[in-house]
Amino acid sequence: MDPKALFSLSYGVFILGSHDNTKINACVTNTCMQVAANPTRIAITVINQNYTCGQIKECGTFALSVLDKSVTFPTIEHFGFHSGRDTDKFASFPYSLDANGNPYLNDQICALFTCKVISSTDLGTHTLFVAEIEDSKVMSDKAPLTYADYHKDIKPKPGAEKMEDSGKKIVGWRCKICGYEYEGAELPSDFECPICGHPAEDFEPIYES
Ligand SMILES: Cc1cc2nc3c(=O)[nH]c(=O)nc-3n(C[C@H](O)[C@H](O)[C@H](O)COP(=O)(O)O)c2cc1C
């Protein structure tokens, strides 16, 4: 199997908002497709260890915002590289709530779907949710961002990040997408995260303490 074949699959990029009894929260996803009509249904997959995954299981609803091409990397970083388990992602971020009380961004999105889960399947690393669209809105006339656009235009190029701890020994590598930790100083350049499938360039060094 050549995992690079998976890079040929086309996706959008989304902000997936949900809530539980504690807080509203959202994460970045790239997996969503329409899977049925009358009633219209979509499918999304969410990494089991993401805080958002547990929230969707708990409340049974979510708001899916489609990011447009005006989105900036700090927005993706804010929702996609940090967990709502450790931080309140909406404390300082402009948002609105849909009819189910799930958050969506006030700008940088071109469409919004208010969704109710009708089934969920545990796929091991991810949960597949099939949901009915209760409401949908066009939010701007800007073009949707694709996953390929994200990699080409939004994501910082390797080496752009400042290595503040570069004097210390590297003992491992952490996937910035899902938090998986690889043990060892050298991460193979063709390594792929066994949890979320992201490539070596999405890993950050773990330094000796
Ligand atoms: C471009 C991009 C695409 C991502 N795609 C997905 C995805 O399809 N499913 C998923 O569960 N997480 C995906 N993630 C990772 C989550 O956004 C990330 O793990 C986030 O920190 C989870 O936050 P939470 O713990 O608050 O839910 C993606 C992240 C990025 C930057």
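The shown structure was predicted, so the numbers you read here are calculated from the model rather than taken from an experiment.

(A) View of the pairing of strand β10 (residues 170-175). Note that β10 and strand β12 (residues 203-207) share five bridges and pair antiparallel. Note that in β12 the partner of tryptophan 173 across the bridge is proline 205. With three bridges connecting them, β10 and strand β11 (residues 181-183) associate as antiparallel partners. Residue arginine 174 lies in a different strand from β11, and its bridge partner there is glutamate 181. As consecutive antiparallel partners, β10 and β11 are separated by five residues, and within that stretch glycine 179 has a phi angle of approximately 90°, a positive value.

(B) Representation of helix α1 (residues 51-59) in the model. Listing the buried residues of α1 in full gives Tyr51, Thr52, Cys53, Gln55 and Ile56. Of the residues flanking the end of α1, it is glycine 60, one or two places downstream, whose phi is positive at about 75°.

(C) Summary view of the sheet that holds strand β8 (residues 109-122). As summarised here, the arrangement of the seven strands in space is β2-β1-β5-β8-β9-β4-β3, forming an open sheet in which the pairing is antiparallel. With partners counted over all chains shown, the strands left at the sheet margins are β2 (24-29) and β3 (32-36), one partner each. Averaged over neighbouring strand pairs, the angle between their axes works out to 35° when direction is ignored. Both β3 and strand β4 (residues 41-47) contribute to a ladder of four bridges, which runs antiparallel. Following the sheet pairing, cysteine 32 is matched in β4 by isoleucine 44. On the sheet, α1 packs against β1 (14-19), β2, β4, β5 (61-67), β8 and β9 (126-138) and is oriented at approximately 55° with respect to β1. Across the face of the sheet, helix α2 (residues 73-80) comes into contact with β1, β2 and β5 while running at roughly 115° to β2.

Rules used throughout
- Residues numbered from 1 in each chain as written.
- Predicted model: local features only at pLDDT ≥ 70, side-chain atom pairs only at ≥ 80, totals over all residues.
- Heavy atoms only, no water.
- Pairing = 2+ DSSP bridges.
- Helix = DSSP H or I, 4+ residues; strand = E, 2+ residues; numbered from the N terminus.
- Buried < 20%, exposed > 50% of the residue type's maximum accessible area, 1.4 Å probe, protein only.
- Axes fitted to C-alpha atoms, helices over the stretch in contact; angles between N-to-C directions.
- Contact = heavy atoms within 4.5 Å.

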